[in-house]
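So you can see what is in the structure, the chains are spelled out below.
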Amino acid sequence: METLADLVIHNGTVVSAEATFEASIAIKDGAILAVGAAEAMPAARETLDATGLHLLPGAIDDHVHFRDPGYPQKEDFASGTVAAAFGGVTTVFDMPNTIPAVDDAETLAAKHAMAAEKAHVDFGLYAVLGENSITRVNELVEGGVIGFKLYMGNTFGRIPSPSTGATLEAFEEVAPTGKRISLHAETNSIMERREARLREIGRTKPLAHLAARPEVVAVEAVARAAILAEWTGARIHVLHISSAAELRPLREAKERGVDITGETCPHYLMLSSDDYARCGGIIRVNPPVREKHNQEPLWAALLDGTIDVIATDHAPHSVEEKTRRDIWTVDCGFSGVETQMPLMLTEVARGRASICDYVRWSAVNPAKLWGLYPRKGILQPGADADIAIVDLRRRWTIRDAETHSTAKISPWDGWEVQGLPLHTIVRGKFVVRDRILQIGTRGWGQSVHAIQEMPTPVPRNVDQTMKAITATERPSLRAAV
Ligand code: DOR
Ligand code: ZN
């Protein structure tokens, strides 16, 4: 008996990291069954005509803050994942700075249950790697974390940053698990000191935020983290790279063979210190949006592979929280999960990068570095049918009021873009179709930790870890030294 597909998408242009090609895609039981000529497709329950549209692997945003539980005025897992779906994003990794912060197995299990009930797209959950959770690494891995988040500097939620000593020990603990550690790479002591002095002298305007966190804050943190990762063999991912200066320690570490990857976000590529006057406190984000001269090197680093991933640091806050007069009281961050794809596609339309480059940064590379490839990140037989169907010619204007995040305030309001995700499919199911949220998609999203398969861990200097030097199994040896 001939197989009957659930859905066949005809006449679209399929995009991979290497090429674009005309093809049809057949989907069955949530997975891609076939990619090829229309006449080679099996019969289907349903067909979609994608003439003139591009079929992209759904974006994997490895850096979002959906605020659940803890801050319903900003976002929850339902609104955040709906916003993701409208932005062509089919998998998100949610950060642990919720209330309570995710740093033990019990909290993680509760968050998994909550997210499984509300999510419209697939998700992974991070746990905090800090002084309190060093001893809980294994229970968190067993509980299904996608990876760890280590705050080298304070930001929203004020998760304390571990000392360098504790960071080394934390890396030692995670290295043998093979999980990747995402870093908020800003050195706390530098920026706290500068912020205190700026406040003392009464600076309260938006640009004071940038003055408190100059590039060196990030550069020092990236370089130090790379040294600790090299020593321990821990895998690290530098989140939200904001400056040209960070690229040197990142490149050098890659050249030394450190398993280090990097990410940047649309706001560092497209906004600059010139936008502070227009946006006011809305632009306040950590790390800060910097001087314009950083933009070109960041683009070049994406193109040459120094930076691997485009993510958003989707960090929603309410209008009231973003419009306070004193910059030090404005909450840091803004929504982005829904606008990343249109913003980046606009740059593709301008010739800044190819559509294949974009797919590499938004889907292929995140899938690879988080152990989800080739289940996700590519449209080929056997892969999950996670597809963003996009009209690359459509010109439109971003309006915060029309976005699906609870937090309707961002620096992108009024921004002219070209490229619109029309339909978003998650494991074969339309979550958004013709720009309409489909009923019955709440709770469709699944945690991806079950399919995550990281390469074999490569811990280093294992005889010198905190665990090794304090081991009590060999009392006679200990007595001798
Ligand atoms: O500006 C930011 N906001 N940067 C971060 O790293 C955290 C985020 C948040 O959670 O609001
Ligand atoms: Zn973040």
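To be clear, the structure that these remarks concern was listed above.
Parameters and conventions
Each residue is numbered by its place in its chain's sequence as written, counting from 1. Working convention: letters from A go to chains and numbers from 1 go to ligands, in the order in which they are written. Residues qualify for local features only when their pLDDT is at least 70, as the model is predicted, and side-chain atom pairs are given and counted only at 80 or more; totals for whole chains, interfaces and linings, by contrast, use all residues. Side-chain measures were taken over the full set of non-hydrogen atoms in the model, leaving aside hydrogen atoms and water. Secondary structure follows DSSP: runs of H or I at least 4 residues long count as helices, runs of E at least 2 residues long count as strands, and numbering of each begins at the N terminus. Restricting the calculation to C-alpha atoms gives the radius of gyration, and the globule rule supplies 2.2 Å times the number of residues raised to the power 0.38. With a 1.4 Å probe rolled over the protein chains alone, any residue whose accessible area is under 20% of its type maximum counts as buried; one over 50% counts as exposed, and the rest are partly exposed. Here, two residues are considered to be in contact whenever any of their heavy atoms come within 4.5 Å of each other. His is not counted here, nor are the chain ends, while Lys and Arg score as positive and Asp and Glu score as negative. For charged residues, the charge sits on one atom: NZ in Lys, CZ in Arg, CG in Asp, CD in Glu. Coordination here is defined by N, O and S atoms within 2.8 Å of the metal (3.2 Å for Na, K and Ca), and since water is not considered, a site can look incomplete. By convention in these notes, a residue is near a molecule or strand provided one of its non-hydrogen atoms lies within 4 Å of it. In the analysis that follows, any N or O atom pair within 3.5 Å is treated as a polar contact, provided that within protein one partner can donate a hydrogen and the other can accept it, and provided that, for residues neighboring in sequence, both atoms belong to side chains. Here the accessible surface of atoms and residues is derived via Shrake-Rupley with a 1.4 Å probe, and residues count as covered only by protein chains that are part of the display. Residues enter a nonpolar core if they are buried and are Ala, Val, Leu, Ile, Met, Phe, Trp, Tyr or Cys, with the set joined through side-chain atoms within 4.5 Å. What counts as a salt bridge is simple: a side-chain nitrogen of Lys or Arg found within 4 Å of a carboxyl oxygen of Asp or Glu.

Engineer: How would you summarise the overall build of the chain if you had to cite specific residues and measurements?
Structural biologist: When helices and strands are tallied, the chain shows 16 helices and 17 strands. Relative to the 2.2 N^0.38 estimate, which gives 23 Å for 481 residues, the radius of gyration of the chain is 22 Å and therefore close to what a compact globule would have. Principal-axis analysis of the C-alpha atoms places the extent of the chain at approximately 75 × 60 × 40 Å. Buried positions account for 60% of the 481 residues belonging to the chain. Long-range contacts, defined as pairs at least 24 residues apart, comprise 75% of the intrachain contacts of the chain with a sequence gap of at least 6. Across the chain, the mean location of the 51 positive side-chain charges is 4 Å away from that of the 62 negative side-chain charges.

Engineer: I'd like a description of the environment of M454, backed by residues and values.
Structural biologist: Residue placement: M454 occurs in the loop between β17 (436-437) and α15 (466-469). Owing to a relative accessible area of 18%, M454 belongs among the buried residues under this scheme. Placed 81 residues apart in sequence, M454 and Y373 show a C-alpha to C-alpha distance of 9.7 Å. When neighbours within four sequence positions are excluded, M454 is seen to be in contact with G178, R180, R235, L369, W370 and G371.

Engineer: Requested: an account of the coordination of the zinc ion (ligand 2), with residues and values cited.
Structural biologist: Bound to the zinc ion (ligand 2) are the protein donor atoms H63 (NE2), H65 (NE2) and D313 (OD), situated 2.0 to 2.2 Å from the metal. Along the chain, the residues donating to the zinc ion (ligand 2) are arranged with the sequence spacing H-x1-H-x247-D. On the criterion of sequence distance, the pair formed by H63 in strand β6 (residues 59-64) and D313 in the loop between β13 (309-310) and α12 (319-322) is long-range, its members being 250 residues apart. Take H63 and D313: they sit in the same class, and that class is buried.

Engineer: I'd like to hear about the site of ligand 1, residue by residue, with values.
Structural biologist: Around ligand 1 sit 14 residues in total, of which R67, N97, H184, N286 and C332 are the nearest. N97 places a polar side-chain atom, nitrogen or oxygen, 2.9 Å from an oxygen atom of ligand 1. In this structure, an oxygen atom belonging to ligand 1 sits 3.0 Å away from a side-chain N or O atom of H184. When isolated, ligand 1 has an accessible area of 290 Å², and the protein chains bury 100% of it.

Engineer: Account for the nonpolar core, naming residues and giving values.
Structural biologist: L56, V92, F148, F171, I181 and Y358 are the most contacted members of the largest nonpolar core, which has 95 residues in total. The contact partners of F148, leaving out residues within four places of it in the chain, are Y126, A127, V128, L129, V137, L140, V141, V174, K179, R180, I181 and S182. In terms of nonpolar packing, the next biggest core, distinct from the first, is built from 19 residues, I9, A23, L53 and L420 among them.

Engineer: Before we move on, could you go through the pattern of salt bridges and cite the residues and values that matter?
Structural biologist: According to the stated counting rule, one finds 34 salt bridges in the structure shown. A salt bridge links D386 to K376, with the shortest nitrogen-to-oxygen separation between them at 2.6 Å. Taken together, the positions of D386 in the loop between α14 (355-369) and β14 (387-397) and K376 in the loop between α14 and β14 put the pair ten residues apart, joining distant regions of the chain. One exposure class covers both D386 and K376, and it is buried.

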